[in-house]
Every structure is written in C-alpha cells, then in structure tokens.
Amino acid sequence: MSRRSFLRGSTAAAAGVAAMAAGLAPLRKLGEAISVDQFLQQHYKELSPADMDKVLRRIENEVERQYGVRPHVRDYKPMNGVEYVYALNVTRCVGCRKCVHACVAENNQSRDPEIQYIRVLKMPNGTFDVEKGDVNYAPESVPEKGFFYMPVQCHQCKNPPCTKVCPVKATWTEPDGITVIDYNWCIGCRYCEAACPYFARRFNFSEPTIPKEKLNPEMSYLGNQPRHKGVMEKCHFCIQRTRVGRYPACLEVCPTGSRKFGNILDPSSEVAHILREKRVFVLKEEVGTLPRFFYYFDV
Amino acid sequence: MSMRPGQKTNLVIGGLVVLFLGLAASFAFSPNPAPVRQDPALTRVVAPAPQVATLRMTAPQLAAGGGDASILDCYACHDEKKSPTVKMGADGAIVFPKEHADLRLMMANCSTCHVGKKLEVEYAKNGDVVMPKAHEDLLKMGHGRNNRNTNCFNCHSQTKLNELVTRDGTRLTFAQAPLLCASCHGPTYRDWELGVHGRTNGYWDTSQGKAVRQDCNACHDPHGPAIPQIIPFPGPKPVLTHGLGSAGAAEHGAAEVGTPKSEGAQPKPETK
Amino acid sequence: MIAAARKYSRFVGRCLACLFEGDWRYFLWVGALAAICALGLNAYARQLVHGLAITGMTDHVSWGVYIANFTFLVGVAAAAVMLVIPVYIYHNEDLHDLVIFGELLAVAAILMCLAFVTVDLGRPERF
C-alpha cells in the first residue's frame, strides 16, 4: 500500500465516521434510555404474581419520577361469572361530549397530541351510515334539530379482528369480555388499528403529555397507566373502575343517562333488561365482530 | 456532434450526483415542517372545562372551583336542617344573594316559602295559569306536549301545598313524586324502575357498593321537564395538526416532554 | 475449523476490498449514495427521539410511505427470484447469468424490506 493511498483511504474513513456521528447526533436528545428491567420484562400472561408486583412498583417509581405524583398502580383481575356489556341509548344522547372528556381525565390520555377514545358522531336523522357522521360539530348548544348523536368507542368485540392480527400477541380478550393491550409488550406496528372497523384504537405517535395536576393516580396495569410513545391504546371499559364493581367514567358523567353498563350474565342487570326488551342496534353488524357494545332506542 | 462513450457516462454520473446531493441538501437544510394549515371551517367552541373533577370531587368543591353546577340543588352545599332564609323584595320577588346570581333555581318545594298560606291561582282566558310576578324567573311552565299541561292542580293538591295528587285522587308526598310522574308516563316509569331510564351511579356490582339511582326530579324540572340545551364540550382537534406541533417545538428545545411547560404552547380551553 | 474460519475471513476481506476499487467517478457515485444513507440515518435518529409523529402520520393515516415501500420491495424481491423459472422451464442456459443478478437484487430488496418494517415500528427495540 502506498503512502498516498493510505492517506487518502484514512481521510475517507474519517469523513465517513464524522458523517455517521453527525447523522446520529439527534439521539443525544433521546433522554432517559430504557431501563434493563423494562427491556427484559415478560409478556403480561407470563408474569408470576411476584414479578407483577415488581413491575407495578417499578411503574409507580417511573410515574413518580416523571410526574411528581405517587400513583397507586394495581393489576385488576377479571371476576368470575362476569361479562361486561355496554348499551347506549341513541334516542337520549344529546351529543354534549362530556363522556369524551371524562374519559380523557380518567384514563390519563395524552392532552398534546390529543388522544380521545370516544368519538361522538353527529348523524342526520334517518340513517345509520357512519360516513355521514360529523365529529367536529360545534354549535352553540346541543342537541340540534334534525340530528341524532352516536358516540363510538371500542366495542369490545366477541370476535375481535384487532387481536387476531397482532403479530406479538400484545392485545387479547380477557374472560370478562374486555379487550386489553399490554402497553409494555406492544411493538407499535399499528396492525390492529388498520383491522378495527370502528376506528377505536389510538396510537401514540409522539410522547404523550399530561399535566401532572391532571394525572389520575388510581391506575391499572392493563388500563390507564401512562403510556409512552410508540404504543397503541384504546377504551378498556375503565378496568380500574369496572373490575372493582364501579361504573365507567363516561357513564358517570352522562347528563341524560344514555349510557348503561353491567354484567350480561346477571339476568336482573340493567343491560340484560335492555337487550331483552328494547330495540337494539349493532353498529356494522355485517362485519361479524359480535360487539359487546349495543345501541338501543326508547319505545 | 457525437460524444465519446466515456464522456457521456461521466456526464450522466455527474448529473445524477449533483441531482441527488441537491435533493439531499434541500431535505437536510429545510426548516422544520411548517405548521399544517388548519381548516378555517372548523371553528371550535370554547366550552367550560370538562370537570375532571366531577368524578372525584364533592359538590361544594365543584361549585367553588367554578365548575358546571347546573345539576346541583341548594342542598348540595347547604345543610338541609338549617336551610338559608329567603329574602324577598317589596314586590314579592325573591332577592338572590350575589354569589347565586348565576344559578338557575329549581323550585323544588313550594312550602319552603309559602308557609301556612293558602295558594290562589289566577287563570288566563285560555286556561293557562298566570304566573305571579315573584315566580317569573323561577318557574317556567313547560310541561306536556306543546306546553299544554300548565294547570298547577293537575299535579299539586289544591288544599295542601306539600302534597301531590294524581288524576285518580291518590295523595302523594313529594318523596313519592315518581309515582305521580308514573300516572302519565307509564312506560318510562317502568324503564326507570328497571334502571333503563335515567343514570345509575356508583357500583354496577351491588355486592361491592351502592348503586345510586336518581329521582325524576334530579334530571327533569317538573315544571318544564324537557332537558335544556347544553353547551357541548370542544370536539377533537383538527386531524392534520396531530402531533406535529409538539414534535416541532421539542426540536427547538422550547418544550420538554412531560413537563407542564409544554402545556403552555397549546390552546387552553380548560381554563376559564 | 480454524483454517475454514481464516479462509472465510479472507474471503470477506477480499469482498470488502472490492468496494474500494474504481476510478474517481465510482467514488463520486458511492460517496453521493453514502451521503444519502447518512441522511436517512439522521432522519431515523430524529424519529427515534420525537416518535413517528414527525413522519406526519396520524391515526387516520396510520400507514404511510414506509409500508408502501415495504410492500413494493417485497414484490420486487419476489419477482427477482422468479427469474429462475424460465431458466429451468425452457432450459435456457444463457439466462443463468441473469439469474445471479436477480438473486442479488432480491437480497438487496429484502434487506430494504427489513429496514422499512423496522423503521415503521413504534417500539423497534421490543421486536
């Protein structure tokens, strides 16, 4: 090798390394790297109770470090003999969007970028074609004449397309009918979002921001623990409430009582009465997802 | 004029290199993506904040925090046993204390004011009740289709103000008001009894906690039972701006992810 | 065993040495391509920091150019491999030379596919 070619070669190599370093420079802002524990964490279903406990404490520490609030994170298990069903009275709903914002507050959704699980569609009377729905309505007051309102959220299907397409089994249906996501296992491929016919899933395209004074400290692992960028999330019937017997947040704020929730396996529950006695409508019945979310009418 | 093959190759490669490097340079030195145009058609209503609080706050806290208190009655804050005195002006109209000027008072009970007096009702020629001046602000009759059920004594007892009377003459106390409603609104009452009409709060699993049912009057003003128009909460932000704002801001070091500082950059519909 | 390893490393070394053989035009061309690669690396580094939002994708359009390129290159790779078929069906000996190029193209396209799906993931470190 001649001296000249060596010099030339090493100059080129140095330039290459410099260009590489310059290219990777933004990574300096990556901030807190992922901890080893976080990286090595197993799938939800493979965690032993002791492991789970450790994971929950770790999440509590992470949240406290990030938001300055000590949360109370638990892993709520499904109850025996319970299958949740949601029923929504489209005759009564006035489209005030209180449910949307109660949900955001309860479930620690990102405020910027904005993530909302419930979309309220303003629909012209006489059709159920969701293509005609409008989510951006902003009148002085609701309800408006000639329209009805149809909130759409995760339908917790009995035959869910979203869980079937997940390449890493990070989303599945629990025995009580709630389709959940393991936020710490999801790889963020957005397959499930493409599969969902109800547009119920939301992706964290950037790191979520929640003002710390608005953080709900009552958290569940599969429910409202703060998510990070790059994972999917969606309505989970407020696992942290419903699995201890309480009603979901969207129901509790509804000013017209249009939202009904309960255990369908209990024949005396409100939802059982509705499914027996009311005219019930299933959104996009033809796609065969068998939702656990029903729309019904008075009369 | 013909070119030698080598020369032509040189030209092509040189041109491609210049083109590629030019594209790359224009990409690398382009400023951060400009904020995406917002559709001006999507005007947004700035509604009072969603009360995060309604889920975890008591009624007085809610009212003190400037929340939507329209659903609360007097006794959400006041002690029922020591009810506040009601002041009346010279013309007999109720004088509202300043702090309640914005409250829509629901006339829950006549005998709160009318103690031991007989009630005279004046009728107009078309059969409507003529509202006394004192009640003009308090009580808007609007019951029944086309507001035709305006006679007080269709529901109230003519002789005892704190009693209700159904059409078949059954006397009911105010606590039994749902039965009075049921005498006309049978199917709705049946739904309500089953928990299908009206909101149930608290626990769906009654073995773990109490389910709280609301009476008819909790949601409906008996004198004008239609649910009033509500100001809707703001809708979703326009789709195109999703996420770009914060990513661009973080690039300039203007906002750190996860601190409340970044909250300042976005419009704040949540403060009053 | 050791001899084989040494032989293989010598093979790899000679392959790498091939990369640096050429006149100034070759180096200009490779340099330009390398600059573009570095730019891509930079873009990906930025995406890792700020999340997929900087690609402009939203919940409404959740798959973008990444996935489009991925499916396109899968097709390219498959088609390149299919070049083998005429060679064996028609016993066309001359086409054997072309098959080599086909396979090389297929390998290159598959590498690009892998890169594109990985880049499209929100959480590549978990995959």
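So, a few notes on the structure that sits alongside this text. Here the structure is a predicted model, which is why all the values come from computation and not from measurement. (Residues numbered from 1 in each chain as written. Chains lettered and ligands numbered in written order. Predicted model: local features only at pLDDT ≥ 70, side-chain atom pairs only at ≥ 80, totals over all residues. Heavy atoms only, no water.)

**Details of the packing of aromatic side chains**
Argument step 1. In total, this model carries 22 aromatic pairs over all chains according to the counting rule given.
Argument step 2. A centroid spacing of 6.3 Å and a plane angle of 50° characterise the contact between Phe281 of chain A and Tyr295 of chain A, whose relative ring orientation is tilted. Highlighted residues: Phe281 of chain A in strand β11 (residues 279–281) and Tyr295 of chain A in strand β12 (residues 293–297), separated in sequence by 14 residues.
Argument step 3. The class for Tyr295 of chain A is buried, based on a relative accessible area of 0%.
Argument step 4. Judged by centre distance (6.2 Å) and plane angle (40°), the rings of Tyr8 of chain C and Phe11 of chain C are tilted. One end of the pair, Tyr8 of chain C, and the other, Phe11 of chain C, are both in helix α1 (residues 2–19), 3 residues apart, so they sit about a helical turn from each other.
Argument step 5. Residue Tyr8 of chain C is classed as exposed on the basis of its relative accessible area of 55%. (Phe/Tyr/Trp six-rings, centres within 6.5 Å; stacked < 30°, edge-to-face > 60°. Helix = DSSP H or I, 4+ residues; strand = E, 2+ residues; numbered from the N terminus. Buried < 20%, exposed > 50% of the residue type's maximum accessible area, 1.4 Å probe, protein only.)

**A look at the nonpolar core**
General note: in soluble globular proteins, nonpolar side chains tend to be found buried as a group.
Argument step 1. Counting 60 residues, the largest nonpolar core has Tyr84, Ile118, Met150, Tyr221, Phe237, Phe261 and Tyr295 of chain A as the members making the most contacts within it.
Argument step 2. Listed by contribution, the elements that provide at least two residues to this core are α3 (49–67), β2 (84–89), α4 (98–106), β3 (119–124), β4 (147–152), α8 (249–253) and β12 of chain A.
Argument step 3. The element that contributes the greatest number of residues to this core is α3 of chain A, accounting for 6 residues.
Argument step 4. What Phe261 of chain A contacts, discounting residues up to four positions off in sequence, is Tyr84, Val85, Tyr86, Phe237, Thr242, Tyr247, Pro248, Leu251, Glu270 and Val271 of chain A together with Trp204 of chain B.
Argument step 5. In terms of nonpolar packing, the next biggest core, distinct from the first, is built from 23 residues, Cys192, Phe203 and Val231 of chain A together with Val119 of chain C among them. (Core = buried A, V, L, I, M, F, W, Y, C linked by side-chain atoms within 4.5 Å. Contact = heavy atoms within 4.5 Å.)

**Observations regarding the pattern of salt bridges**
Argument step 1. If you walk through the whole model with that rule in mind, you get 23 salt bridges over all chains.
Argument step 2. Across the pair Glu60 of chain A and Arg70 of chain A runs a salt bridge whose closest N-O atoms are separated by 3.1 Å. Residue Glu60 of chain A is located in helix α3, and its partner Arg70 of chain A is located in the loop between α3 and β1 (72–74); the two are separated by 10 residues in the primary sequence.
Argument step 3. On the accessibility criterion, Glu60 of chain A (6% relative accessible area) is buried.
Argument step 4. Judged by its relative accessible area of 41%, Arg70 of chain A is partly exposed.
Argument step 5. Between Arg123 of chain C and Glu125 of chain C there is a salt bridge, and its shortest N-O distance comes to 3.0 Å. (Salt bridge = Lys/Arg side-chain N within 4 Å of Asp/Glu carboxyl O.)

**Here's the deal with the environment of Met52 of chain A**
Residue and element names in this part refer to chain A.
Argument step 1. Along the chain, Met52 falls in helix α3.
Argument step 2. Classification of Met52 by relative accessible area gives buried; the value is 7%.
Argument step 3. Separated by 45 residues in sequence, Met52 and Arg97 have C-alpha atoms that sit 36 Å apart.
Argument step 4. Apart from residues no more than four positions distant in its own chain, Met52 is found in contact with Tyr44, Leu47, Asp75 and Tyr221.

**Section: the interface of chain A and chain B**
Argument step 1. Chain A puts 59 residues into the contact, and the matching count from chain B is 43 residues.
Argument step 2. Summing both sides of the interface, chain A and chain B together bury roughly 4,800 Å²; the carbon and sulfur share of this comes to 54%.
Argument step 3. At the boundary of chain A with chain B, the tally comes to 1 salt bridge.
Argument step 4. For Asp191 of chain B, the salt bridge is made with Lys278 of chain A, and the minimal N-O distance between the two is 2.5 Å.
Argument step 5. At the boundary of chain A and chain B, one finds 20 residue pairs in polar contact (both at pLDDT 80 or more).
Argument step 6. Among the secondary structure elements, those contributing two or more residues to the side of chain A that touches chain B are α4, α7 (239–242), α8, β10 (259–263) and α9 (270–277) of chain A.
Argument step 7. Looking at the side of chain A that touches chain B element by element, the count peaks at 5 residues for α4 of chain A.
Argument step 8. Among the residues making up the side of chain A that touches chain B, the classes are represented as 26 nonpolar, 14 polar and 19 charged. (Buried area = accessible area lost by both parts, 1.4 Å probe. Polar contact = N/O pair within 3.5 Å; in protein donor to acceptor, adjacent residues only side chain to side chain. Nonpolar A, V, L, I, M, F, W, Y, C, P; charged D, E, K, R; others polar.)

Scope: geometric values only; no functional claims are made or implied.
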